[in-house]
Amino acid sequence: MTPTLAKIIWAAFGIAWFLLRWQPRRQARKTPVRQSARGPREVALLVVSLSGLGIIPAFYVAAHLPRFADYPFVPALSYLGIAVDCVCFWLMYRTHRDLGRNWSVSLDVRESHTLVTSGVYASVRHPMYSAFWLMAVAQALLLPNWIAGPAGLVGFGILFFGRVGREEAMMAEAFGEEYRAYMRRTARVVPWLY
Ligand code: SAH
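Note that the structure is predicted; figures quoted are calculated from it, not measured.

S.K.: So what exactly am I meant to see when it comes to the nonpolar core here?
M.R.: Grouped burial of nonpolar side chains is what soluble globular proteins tend to show. By size, the foremost hydrophobic cluster in this structure holds 32 residues, and its most contacted members are Met92, Tyr121, Met128, Phe132, Phe156 and Tyr179. Element by element, the count of residues in this core is highest for helix H6 (residues 151-175), at eight residues. In this structure Tyr179 touches Leu115, Arg125, His126, Glu168, Met171 and Ala172, once residues within four positions along its chain are discounted. If you look at the next biggest cluster of nonpolar residues, it comprises eight residues, including Ala6, Ile9, Phe13 and Leu143.

S.K.: Quick question: what am I supposed to make of the site of the ligand here?
M.R.: Near the ligand, the surroundings consist of 21 residues, among which Asp108, Val116, Tyr121, His126 and Glu167 are the closest. For the ligand, whose free accessible area comes to 530 Å², the fraction covered by protein is 100%. Mapped onto the shell around the ligand, the elements with two or more residues apiece are helix H5 (127-142) and H6. The class makeup of the residues in the shell around the ligand is 12 nonpolar, six polar and three charged.

S.K.: Can you help me understand the pattern of salt bridges in this one?
M.R.: Pairing of side chains with opposite charge becomes possible as their charged atoms draw close. Counted under the stated rule, the structure contains seven salt bridges. Between Glu42 and Arg163 there is a salt bridge whose closest N-O contact spans 2.8 Å. Remark: Arg163 occurs in helix H6 and Glu42 occurs in helix H3 (residues 40-63); sequence separation between them is 121 residues. Between Arg184 and Glu177 there is a salt bridge whose closest N-O contact spans 2.6 Å. For Arg184, a relative accessible area of 60% gives the class exposed. You can call Glu177 partly exposed: its relative accessible area is 45%. The structure contains a network of salt bridges with shared partners spanning Arg125, Glu168 and Arg188.

S.K.: Looking at this model, I keep getting lost on the packing of aromatic side chains. Mind explaining?
M.R.: Enumeration over the complete set of coordinates arrives at 12 aromatic pairs. Arranged with centres 6.0 Å apart and planes meeting at 75°, the rings of Trp17 and Phe132 form a pair that is edge-to-face. In this pair, Trp17 sits in helix H1 (residues 3-20) while Phe132 sits in helix H5, placing the two residues 115 residues apart along the sequence. Judged by its relative accessible area of 21%, Trp17 falls in the partly exposed class. Its guanidinium or amino end placed over the ring of Tyr60, Lys7 lies 4.7 Å from that ring's centre, counting from NZ or CZ.

S.K.: So what exactly am I meant to see when it comes to a positive patch on the surface here?
M.R.: On the surface, a cluster of positive charge is contributed by Arg26, Arg29, Lys30 and Arg101. Relative to the helices and strands, Arg29 is located in helix H2 (residues 22-30). Assessed through its relative accessible area of 66%, Arg29 is described here as exposed.

S.K.: Help me out: how do you make sense of unusual backbone geometry in this one?
M.R.: Most peptide bonds take the trans configuration, and most residues that are not glycine carry a negative phi. In this structure, the amide linkage connecting Leu65 to the following residue, Pro66, adopts the cis form with an omega of -5°. With respect to the helices and strands, the residue Pro66 is situated in the loop between H3 and helix H4 (75-99). The backbone phi angle of His64 is positive, close to 55°, even though this residue is not glycine. Tracing the backbone shows His64 in the loop between H3 and H4. In this structure, Trp192 is a non-glycine residue whose phi angle is positive, near 70°. For Trp192, a relative accessible area of 82% corresponds to the exposed category.

Conventions we followed
Residues numbered from 1 in each chain as written. Predicted model: local features only at pLDDT ≥ 70, side-chain atom pairs only at ≥ 80, totals over all residues. Heavy atoms only, no water. Core = buried A, V, L, I, M, F, W, Y, C linked by side-chain atoms within 4.5 Å. Buried < 20%, exposed > 50% of the residue type's maximum accessible area, 1.4 Å probe, protein only. Helix = DSSP H or I, 4+ residues; strand = E, 2+ residues; numbered from the N terminus. Contact = heavy atoms within 4.5 Å. Near = heavy atom within 4 Å. Areas by Shrake-Rupley, 256 points an atom, 1.4 Å probe, with all protein chains shown as cover. Nonpolar A, V, L, I, M, F, W, Y, C, P; charged D, E, K, R; others polar. Salt bridge = Lys/Arg side-chain N within 4 Å of Asp/Glu carboxyl O. Phe/Tyr/Trp six-rings, centres within 6.5 Å; stacked < 30°, edge-to-face > 60°. Lys NZ or Arg CZ within 6 Å of the ring centre and 35° of its normal. Patch = residues over 30% accessible without salt bridge, like charges linked within 9 Å, V, L, I, M, F, W, Y side chains within 5 Å. Lys, Arg positive; Asp, Glu negative; His and termini not counted. Charge placed at Lys NZ, Arg CZ, Asp CG, Glu CD.

Next comes the structure, spelled out in structure tokens:
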């Protein structure tokens, strides 16, 4: 394992994620929205997250910037990063399969929205966000740079904590007691813990 290979692997997982989302993205455009909590705040959160998980590490991978923040490459960490990315990819795939037409890049309730509580949604109510946390951890393990590595944790962390409460409030408003009961029996992102 070399730093260059670790960078290529980071980029390959990014491309695989982009392709995995192709079909859900197309389907989402065709599925009418009934209620939405989109707005400037949501756009800002998405930009911050995209910067941390995409733009900042892409600069590092493509142009090796910022160099001053480099630290020595540890192959064992990059192997761990690959393992975490594999789990992330599997979970991302499963969440898209389980959510189906209910998926949205932002906060929307669709015309024919159904509350999904089975599959990977049986024990945690935000498994797609669990997958993004894993993606951010893998990035930190794969890229030996104090800015590009942890940028995903910071960027996605801001989106997660800025959004999750509002998402749950929106879902509780749309699904009432059914969602509140679902909240009582599930964790947010880590089974049994949080
Ligand atoms: N927070 C979830 C979903 C992310 S996609 C996760 O991490 O897996 C965001 C969209 O999913 C929101 O617009 C919301 O309407 C929808 N959503 C969230 N939880 C859902 C559920 N349990 N069933 C159906 N739709 C859900």
